[in-house]
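Here is how the chains run, residue by residue.
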Amino acid sequence: MKKSKLLMLTGSLLLLSLFVLPLWNITLEAPQYPSSLGIDIYITKMQGHNEGDIQNINIMNHYVGMDKLPEQMKEFELFPIVVIVMVILGVIIGFIGKKKLFLTWFVAMSILGSIGMYDFYLWEYEYGHNLNPKAPIQFPGQAYQPPLIGTKTILNFKAHSYPRSGGYLLFLGMFMSLGAFYVAIKEEEAESKNAAT
Amino acid sequence: MKLSFKSFLILLMFGLSLAIVSCQQGSGNSALKSSTAEKVFVAPGEYDEFYAFVSGGFSGQLAVYGLPSGRLFKIIPVFSVDGEKAWGFNEETKPMLETSYGFIPWDDSHHPDISQTNGVLDGRWVFINGNNTPRIARIDLTTFETVEIIELPNSAGNHSSPYVTDNTEYVIAGTRFGVPVPQRDISINDYKGNFKGALSFIKIDQETGGMDLSFQILMPGFDYDKAHPGRGKSDGWMFFTTYNVEEANTLLEINASQRDKDFIAAVNWKKAEEYIKAGKFRTMKTKYAHNVYNDETHSATSTMKTEVRILDPGNLPGLVYFLPMPKSPHGCDVDPSGEYIVGSGKLSANVTVHSFPKMMKAIKEKKFDGESYGIPILKFEDVLAGVVEQPGLGPLHTEFDGKGNAYTSFFISSEVVKWKLGTWEVIDRKPTYYSVGHVMIPGGNSQKPFGKYLLAMNKITKDRFLPTGPEVTQSAQLYDITGDKMELLLDFPTVGEPHYAAGIPADLIKAKSKKFFKLDENKHPYATKSQDDVKVVRDGKDVHIYMTTIRSHFAPDNIEGVKVGDRVYFHVTNIEQDYDVPHGIAMIGANTSELLIMPGQTETFVWEPKEVGVWPFYCTDFCSALHQEMQGYVRVSPRNSKIKLSWSLDGE
């Protein structure tokens, strides 16, 4: 099998890791939490990094009037479908082996990824700004939105927001499809050279 | 004039430089002290190298310290009620202090001993004796809580206990007092021959740690003072020191000190197992409590047992031998190899050491020097390994460093003496402040001592600390024993009498220490696992409140419909699932203590309101920023009131 096809196939199949590995993680650090609090975000759920973390984040956040972390979200139903569809398309494209399709898949993934990040931002904004007016602790003008990506200080907490293993494999998969596109160009050049000689 | 001013300046400079030199000399001394200080300094946030479980003596509890710092971490309630932790006050732990005499809120806890595997500390459990109402407790080292207490029938003054065998097959407990067995109304003057001393063998379940009184050996009515299991080559034997072989029943300080030699009783417990298997026991009716705490129901149960198997050593050859030991021996210690049995005749000027191989040889050759109540007595000279000549006054207890050295405490001359096994020469002596009882080296009574520190536990402190009225603190002292000479590092105060201790490297325990109880695994019959499930239920005059706590509120926190004369049970579940977030609760006028509830745990206290009114309760453990807001009310109406039970949180 051609190298480009192989790259495309492997790249798209890497997306399947998202069903077992976390896509993203938000970690909160404070002196009273020596082992820190963390949320692992999967395409199907949010889960405490340590047992009890979700409840402990909820307990902490209720003092400033934040909602509980959602157990159900429409994204958790939609994302798995999108991922499955893209994996199937990726595999089909891999077998077809046309370089333009490789690029199309990569572009489609990039657009979907951007939409995903925008959606994540909207949720974070809502989570950090929608505060109970009866909250016991209130700081006028203070919002508790975690960073989209990077590190930010929120009151006594340091919040880190970064991709996790599933997220990194997703990026790797996407770049493999881009790689497949370039390798396919090289392969075509080589073939045409061979044909010429 | 000028000149003399100059010379004055010079003189002044000279004087100053002298002062500086002498200051430097002064700081030179304190530098020496600061190097000692460094040896016990554990920097903020760092951990101690060893845990020390130090008994509380007449406090009835067990305290956990760090070594070398001497910092106190926790007091584990064992035999005495503890209002701080609601031990013996909440409904769940009351059964732990049940005995055949009913509920007893106190005891005298003496000898902690850590479980072993192959003669090496394994950090599973600590066992400790209750002296006054004979009991043995087991503390689980994942929760650092007392999880089991078993009472010992036919025993009185449960002092020579508890001691674990090489593989924790048995925890063994001897009686200090001879008593009539079974108890009956006879003249005290009929002591001789009629009073007995029971040696109890408690079988340990290796999976659960569960204790079962397997059998008792009914010995003559001597006082069985201290004990030590054989180690390694002497595994299978148990050694007890005795005093009062005179069998005196009055003015023992004179009448029990008449004989030149008392005995060490050598008990072959493997033989005892054979006799039990062969059915050579008699079953005796008796009564003793067996109390077990369950970490899933967070509750204890107390069961009254009614039978015990008895072995009579006079009729069972090979079960027990007596080894003569000078002058009312107290300490009985076996070295890590299992070869030497060290007896400390507390009225003797010498420390006498017997040899296990010589004992076996004498038994084999049947070289007996008469018998006592059918138990063969071996000849002193035949079993003697050696004598440490005149090491001090009033030898009590010996521990070992695993490098061939023994360390014996001397009560009267108030010192610790280091001597060499085999050559019996004294290597070093250091004073204690004052009148040391036990000494402890982590693992120092096992096959594998961790011979870095020795802890001396004193009986008297006098002027060592700031005075606190007639009752002054008790104390322990830490010595560095890594060099040829011992070095005193630290004095630290202790809670209650630090009678004896058991030390263990922290690495063998700390990773296993539980952080919190899982709410999913809570099987308490009155557990409330979610705030949605809270309720108040009336059952006649009993009112059961199913309550939850989480930062920073109780649910429910407003309750109405309680009446004067009700018995109100607060069943409170801490539904937190985070490390170190306990909640407490206390109710005005409740004739009991607060509760201190760990995450995932349910505890219950009872309140019997006596007057109408609206009565508050609040959280006693500073749990969060809004801890002070964590409070609630119960409305109490007259007995004939028609007000229905109702409960709410935030109006819901």
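Sequence positions are assigned chain by chain, starting from 1 and proceeding in written order. By the order in which they are written, chains take letters starting at A while ligands take numbers starting at 1. The predicted nature of this model means local features are confined to residues of pLDDT at least 70 and side-chain atom pairs, given and counted, to a pLDDT of 80 or more, with totals for whole chains, interfaces and linings taken over all residues. Hydrogens are left out, water is left out, and the side-chain values use all remaining heavy atoms of the structure.

Q: Please set out the overall build of chain B residue by residue, giving values where relevant.
A: Summing up its helical and strand segments, chain B has 6 helices and 46 strands in all. Its C-alpha atoms give chain B principal-axis dimensions of about 110 × 85 × 45 Å. For chain B, the proportion of contacts with a sequence separation of at least 24, taken over those separated by at least 6, is 62%. To measure how exposed things are, a 1.4 Å probe is used in the Shrake-Rupley method; for residues, cover is taken only from the protein chains shown. Put simply, chain B shows about 26700 Å² of open surface, and 55% of that area lies on carbon and sulfur atoms. Numbered from the N terminus, helices here are DSSP runs of H or I no shorter than four residues, and strands are runs of E no shorter than two. Only heavy atoms enter the contact rule, under which two residues are in contact if any of them lie within 4.5 Å.

Q: Talk me through the pattern of salt bridges; I want residue IDs and the actual numbers.
A: All names here are of chain B. Should a side-chain nitrogen of Lys or Arg be within 4 Å of a carboxyl oxygen of Asp or Glu, the pair is scored as a salt bridge. Evaluation of the coordinates by the stated rule reveals 37 salt bridges over all chains. One salt bridge in this structure joins glutamate 84 and lysine 85, with 3.3 Å as the shortest N-O distance. Only protein chains enter the accessibility calculation, which uses a 1.4 Å probe; a residue is then buried when its area is under 20% of its type maximum, exposed when over 50%, and partly exposed in between. Overall, the relative accessible area of 47% leaves glutamate 84 in the partly exposed class. In this structure, the salt-bridge partner of lysine 430 is aspartate 428, at a minimum N-O distance of 3.2 Å. In this structure lysine 430 comes out as partly exposed when scored by relative accessible area, which is 22%. With a relative accessible area of 7%, aspartate 428 lands in the buried category. Here the residues in one salt-bridge network are Lys361, Glu365, Lys367 and Asp382, joined through shared partners.

Q: Pulling in residues and values, what's your account of the sheet that holds strand β39 (residues 558-563) of chain B?
A: Residues and elements named next belong to chain B. In space, the 6 strands of this open sheet follow the order β42-β41-β44-β45-β39-β46, with mixed pairing throughout. A strand with exactly one partner marks an edge of an open sheet, and here the two such strands are β42 (595-597) and β46 (646-648). Mean inter-strand twist for the sheet, computed between neighbouring axes without regard to direction, equals 25°. Here, a strand pair is defined by DSSP locating no fewer than two bridges between the strands. Pairing of β39 with β46 involves 3 bridges; the strand directions are antiparallel. Within β46, the position partnered with glutamate 560 by the bridge is serine 646. Axis lines are fitted to C-alpha atoms, over the contacting stretch for helices. Their N-to-C directions set the angle, which ranges from 0 to 180 degrees.

Q: Residues and numbers for the packing of aromatic side chains, please.
A: Residues and elements named next belong to chain B. Whether two aromatic rings pair depends on their centres lying within 6.5 Å, for rings of Phe, Tyr and Trp, where Trp uses its six-membered ring; planes under 30 degrees apart make the pair stacked, over 60 edge-to-face, and the rest tilted. In the structure shown here, the tally under the stated rule is 35 aromatic pairs over all chains. With 5.2 Å between their ring centres and 65° between their planes, tyrosine 170 and tryptophan 269 make a pair best called edge-to-face. With tyrosine 170 in strand β11 (residues 170-174) and tryptophan 269 in helix α4 (residues 269-277), this pair connects stretches of sequence that are 99 residues apart. In this structure an aromatic cluster arises from ring pairing among Phe222, Tyr224, Phe240, Phe263 and Phe322.

Q: I'd love a proper account of unusual backbone geometry, names of residues and values included.
A: Residue and element names in this part refer to chain B. Between serine 161 and the following residue, proline 162, the backbone shows a cis peptide bond with an omega angle of -10°. Topologically, proline 162 is positioned in the loop between β9 (145-151) and β10 (163-164). Omega for the bond connecting arginine 551 with serine 552 falls within 30 degrees of zero, at -5°, which places this linkage in the cis form. Its identity as a non-glycine residue notwithstanding, tryptophan 424 has a phi of 60°, on the positive side. Position of tryptophan 424 relative to the elements: it lies in the loop between β29 (415-420) and β30 (426-431). Taking relative accessible area as the criterion, tryptophan 424 reaches 13% and is therefore assigned buried.

Q: Lay out the interface of chain A and chain B in plain terms, naming residues and giving numbers.
A: Listed per partner, the contact involves 10 residues of chain A and 12 residues of chain B. For the pairing of chain A and chain B, the buried interface totals around 900 Å² over both sides, and the portion due to carbon and sulfur atoms is 48%. Applying the counting criterion to the chain A and chain B interface returns 1 salt bridge. A salt bridge links glutamate 51 of chain A to lysine 518 of chain B, with the nearest nitrogen and oxygen atoms 3.7 Å apart. In protein, a polar contact requires one atom able to donate a hydrogen and another able to accept it; more generally it is a pair of N or O atoms within 3.5 Å, and residues adjacent in sequence count only if both atoms are side-chain atoms. Here chain A and chain B share 5 residue pairs in polar contact (both at pLDDT 80 or more) between them. No other element matches helix α2 (residues 53-62) of chain A, which puts 4 residues into the side of chain A that touches chain B. Under the convention adopted here, Pro, Cys and the residues Ala, Val, Leu, Ile, Met, Phe, Trp and Tyr are nonpolar, Asp, Glu, Lys and Arg are charged, and Gly plus all remaining residues are polar. Tallied by class, the residues present in the side of chain A that touches chain B amount to 4 nonpolar, 4 polar and 2 charged. Buried area: the accessible surface (1.4 Å probe) lost by two parts on joining, summed over both.

Q: Could you give an account of the packing of helix α1 (residues 3-13) of chain A against helix α3 (residues 74-96) of chain A, naming the residues involved and the relevant values?
A: Residues and elements named next belong to chain A. At their nearest, the axes of α1 and α3 sit 8 Å apart, and the two run at 175° to each other. Between α1 and α3, the angle falls in the class roughly antiparallel. Judged by residue contacts, Lys5, Met8, Leu9, Ser12 and Leu13 of α1 engage Val87, Gly90, Val91, Ile93, Gly94, Phe95 and Ile96 from α3. Taken together, the residues that form the contact of α1 with α3 break down as 8 nonpolar, 3 polar and 1 charged. Angles below 35 degrees are treated as roughly parallel, those above 145 as roughly antiparallel, those between 65 and 115 as roughly perpendicular, and all remaining angles as oblique.

Q: Quick rundown of the sheet that holds strand β27 (residues 395-400) of chain B? Include the residues and the values.
A: Residues and elements named next belong to chain B. The strand order across the open sheet built from 4 strands is β27-β28-β29-β30, with neighbouring strands paired in antiparallel fashion. A single partner strand is all that each edge strand has here, and the edge strands are β27 and β30. Neighbour to neighbour, the strand axes of the sheet diverge by 20° on average, direction disregarded. With 5 bridges connecting them, β29 and β30 associate as antiparallel partners. If you follow lysine 418 over to β30, its bridge partner there is aspartate 428.

Q: Account for empty space enclosed by the protein, naming residues and giving values.
A: Residue and element names in this part refer to chain B. Site definitions follow a grid-based scheme: protein atoms alone, a 1 Å grid, a 1.4 Å probe that fits but cannot get out for cavities, and for pockets an open set with protein on both sides within 12 Å along at least five of seven lines, plus lining residues having an atom within 4 Å of a point. Grid points are joined across faces, edges and corners, and a volume is the space filled by probe spheres set on the points. Within the structure shown, the criterion is met by 2 cavities of 30 Å³ or more. Quantified by volume, the largest cavity comes out at close to 70 Å³. Lining the largest cavity are 13 residues, and of these Gly443, Asn445, Ala501, Ala502 and Gly503 lie nearest its centre. Looking at the lining of the largest cavity, the elements that each hand over two or more residues are β6 (113-117) and β35 (501-505). When residues of the lining of the largest cavity are assigned to their parent elements, the largest contribution, 3 residues, is made by β35. Split by residue class, the lining of the largest cavity holds 7 nonpolar, 4 polar and 2 charged. Taken together, Tyr163, Lys226, Ala227, His228, Asp333, His397, Thr398, Glu399, His438, Val439, Asn445 and Tyr500 make up the full set of residues lining the second largest cavity.

Q: Help me get a handle on the pairing of β11 of chain B, residues and values and all.
A: Across a regular strand the side chains alternate sides, sitting on one face of the sheet and then on the other. Residue and element names in this part refer to chain B. Of all 5 residues that make up β11, 5 are buried, and the element is covered over most of its length. Side chains Tyr170, Ile172 and Gly174 project from β11 onto one buried face, and the interleaved Val171 and Ala173 project onto a second face that is buried too. As paired strands, β10 and β11 are joined by 2 bridges and run antiparallel to one another. Residue pairing for β11: valine 164 is matched across the bridge by valine 171. Between β10 and β11, which pair antiparallel and follow one another directly, the connecting turn spans 5 residues, one of which, threonine 168, has a positive phi of 55°. Both β11 and strand β13 (residues 195-204) contribute to a ladder of 5 bridges, which runs antiparallel. Looking across to β13, one finds that glycine 174 is bridged to leucine 199.

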